Each structure stands twice: as structure tokens, then as C-alpha cells.
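The primary structure of each chain is shown beneath.
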Amino acid sequence: MLPTTVSLISQLWAALQSPAFVALGSPISWLELVAFVLALWMVVCNMRVKLLAWPLAIVSSLMYFALFWEGRLYGEAALQLLFAALAGWGWWQWRFGRRADGSALQVRRLGLAGLLRPTLLTLAAWPLLGWFLARHTDSPLPYWDAFPTVASLLGQWLLARKYEENWPTWVVVNVVSVVLFGLKGYWLTVLLYAGFIPMSFWGWRAWRQAGLAAARA
């Protein structure tokens, strides 16, 4: 039974790595294509505050981990594993999480004062991670790789706690990611993250309206 299972997994992995099509001279694997579709679906669910976003985040993150590890983007690859773990936490937060007063989580603003400390921690962590990747891995773009890695952690925490400020954070992350993935030739992922930019603005607007509605209730 075990050899058969290993063989099936190997065949599936080979199929996912095979090219689905070619874009701008770079082959787009089935792995990247499926991860692209799941990630896009995930963001739509986030915009609508749908719980389905979190299991989609887990699966797409694991697929992107495999893609980025193969491309030697170790910061982004490690981030995807952390994303998968944080998605489990975010899933629990949206389902069972509570505010300080014991009420269920609702879409709300953190405010500039509340955002200051986590933002400063993120900016401090960026060069430290970039230095680590430059010194201890063969990452070809250590500092480009490091910034979206640490900034995404901030965005993920804000999203899980239903803070409106997650959306402008994702705007910044997505802009930098477009450049990073373009340098690596992941053109379908470039398209995905470029699409994420206007979607983040739409999500920001939708959550702003939801927050105002909740405040009036």
C-alpha cells in the first residue's frame, strides 16, 4: 500500500509541475495555476467576510510554498507555511474570537495609534530578515523577498482580527510582490498580485462601509 501511495503522490507532483501554458517565455505550471485560482477565490471571500476564505488560504498557501521553494524564494516560501498556520488561527478567530469586551469580532478600525507599534516592528524586521536571507541562503533577491514576508505577517494579523487597516497593508505588499515575482518570471502570479491591488482597494471600501454600519448598530 505504501509504495503505491508514494507512487501516486509522485505522479501528482509531476503533473502539478508540468507546464499548463507559456506566458512571456516562461512556463506556467499547473501548480501555479491552481494556486492562482484558489488565492483569487480567497480574496473575494475576504472582501465579503466569508469564513470559506480561511480553508482556501491554507490550501493555496501550501501550494505557493512548493512553488516558491523551488524558485529559491525562501522568505516567501517560509511565509506561505506561516500563512497556512495563521490561516488556521484566523479561521478560529472569525469563528470564535472575541473583542476585549467579550463581544464577537466585527469589522472595525485599529487607528493610527494602535497601528504604530506593529508597523515599527515590521520595518525593523525587514532588514534583519533580508540580512539573514543574504547571508545564510542562496536567495537571489533577499531584501525584495524579505519585505513582503514581514509586511504580510502584519496584514495577516490585522485581517484575522477584522481590522480595516489590513487592506492598505495588502496594497503595499501586493505592489512590492508584483516586482518580486516579475523578477522571477512568475507571470501568472504577477497577474494575480496585480489584480489584488484594486481588489484590496475594493475590500477596503467594503470593510469601511461594514465598520460604519456596525458602529451605528
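It should be noted that the structure appears before, not after, this text.
Undergrad: Can you help me understand the packing of aromatic side chains in this one?
TA: Counted according to the given criterion, the structure contains 15 aromatic pairs. Judged by centre distance (5.8 Å) and plane angle (50 degrees), the rings of Trp157 and Tyr163 are tilted. Here the aromatic cluster, defined as three or more aromatic residues joined through ring pairs, consists of Tyr64, Phe68, Phe181, Tyr186, Tyr193 and Phe196. Above the ring of Trp94, the side-chain terminus of Lys162 is found at 5.1 Å from the ring centroid.

Undergrad: Help me understand the packing of helix H5 (residues 112-136) against helix H6 (residues 142-160), please; the structure alone is not making it clear to me.
TA: Any two packed helices are characterised by how steeply their axes cross, that is the angle between the axes, and by the distance between the axes. As a packed pair, H5 and H6 sit with axes 8 Å apart at the nearest point and diverge in direction by 150 degrees. With respect to their mutual orientation, H5 and H6 come out roughly antiparallel. Between H5 and H6 the crossing geometry is right-handed. Residues Leu115, Pro118, Thr119, Thr122, Ala125, Trp126, Pro127, Leu129, Gly130, Trp131, Leu133 and Ala134 of H5 form the contact with H6, whose participating residues are Pro142, Tyr143, Asp145, Ala146, Phe147, Thr149, Val150, Ala151, Leu154, Trp157 and Leu158. Of the residues that constitute the contact of H5 with H6, the class distribution is 18 nonpolar, four polar and one charged.

Undergrad: Honestly, the side chain of Ser200 in this entry has me stumped. Any pointers?
TA: Mapped onto the elements, Ser200 comes out in helix H8 (residues 187-216). There is a polar contact of 3.3 Å between the side chain of Ser200 and the side chain of Asn174. Those residues within four positions of Ser200 in sequence are excluded, and the remaining contacts are Trp167, Trp170, Val171 and Asn174.

Undergrad: Would you mind showing me how to read the side chain of Asn46 here?
TA: Its place among the elements puts Asn46 in helix H2 (residues 30-47). You can call Asn46 buried: its relative accessible area is 7%. Sequence-distant contacts of Asn46, defined by excluding residues within four places in its chain, comprise Ala53, Trp94, Leu159, Trp167 and Trp207.

Undergrad: Whenever I open this one, helix H7 (residues 166-184) confuses me. Can you help?
TA: Structural remark: α-helix, 3.6 residues per turn; residues separated by three or four positions point the same way. An ideal rise of 1.5 Å per residue puts 27 Å on 19 residues; H7 measures up with 26 Å between its terminal C-alpha atoms. All of the buried residues in H7 are Asn166, Trp167, Thr169, Trp170, Val171, Val173, Asn174, Val176, Ser177, Leu180, Phe181 and Gly182.

Undergrad: Would you mind showing me how to read H5 here?
TA: The first and last C-alpha atoms of H5 sit 36 Å apart over 25 residues, in line with the 36 Å expected at 1.5 Å per residue. Among all positions in H5, only Leu115, Pro118, Thr122, Gly130 and Leu133 are buried. Contacts made by the buried residues of H5 are with helix H4 (74-96) and H6.

Undergrad: Explain the environment of Trp202 here, please?
TA: When you line up the elements, Trp202 lands in helix H8. Judged by relative accessible area, Trp202 falls into the exposed class, the value being 53%. The spacing of Trp202 and Trp167 is 35 residues in sequence and 8.8 Å in space, taken between C-alpha atoms.

Undergrad: What exactly am I supposed to notice about the packing of H6 against H7 here?
TA: One way to put it is that H6 packs onto H7 with a least axis distance of 9 Å and a crossing angle of 155 degrees. The angle between H6 and H7 falls in the class roughly antiparallel. Pair H6 / H7 crosses with left-handed handedness. Contacts from Trp144, Asp145, Phe147, Pro148, Ala151, Ser152, Leu154, Gly155, Gln156, Leu158 and Leu159 of H6 reach H7 at Asn166, Thr169, Trp170, Val172, Val173, Val176, Ser177, Val179 and Leu180. Of the residues belonging to the contact of H6 with H7, the class tally is 13 nonpolar, six polar and one charged.

Undergrad: Quick question: what am I supposed to make of the environment of Arg48 here?
TA: Looking at the secondary structure, you find Arg48 in the loop between H2 and helix H3 (53-70). On the accessibility criterion, Arg48 (59% relative accessible area) is exposed. C-alpha separation for the pair Arg48 and Ala210, spaced 162 residues apart in sequence, amounts to 9.8 Å.

Undergrad: Help me understand the environment of Ser139 in this model?
TA: By the element assignment, Ser139 lies in the loop between H5 and H6. Through-space distance from the C-alpha of Ser139 to that of Tyr74 is 6.5 Å; in sequence the pair is 65 residues apart. For Ser139, the residues in contact, after removing those within four places along its chain, are Arg72, Tyr74, Leu133 and Asp145.

Analysis parameters
- Residues numbered from 1 in each chain as written.
- Predicted model: local features only at pLDDT ≥ 70, side-chain atom pairs only at ≥ 80, totals over all residues.
- Heavy atoms only, no water.
- Phe/Tyr/Trp six-rings, centres within 6.5 Å; stacked < 30°, edge-to-face > 60°.
- Lys NZ or Arg CZ within 6 Å of the ring centre and 35° of its normal.
- Axes fitted to C-alpha atoms, helices over the stretch in contact; angles between N-to-C directions.
- Helix = DSSP H or I, 4+ residues; strand = E, 2+ residues; numbered from the N terminus.
- Parallel < 35°, antiparallel > 145°, perpendicular 65-115°, else oblique.
- Left-handed = near helix turned anticlockwise from the far one by under 90°.
- Contact = heavy atoms within 4.5 Å.
- Nonpolar A, V, L, I, M, F, W, Y, C, P; charged D, E, K, R; others polar.
- Polar contact = N/O pair within 3.5 Å; in protein donor to acceptor, adjacent residues only side chain to side chain.
- Buried < 20%, exposed > 50% of the residue type's maximum accessible area, 1.4 Å probe, protein only.
- Expected span 1.5 Å × (residues − 1).

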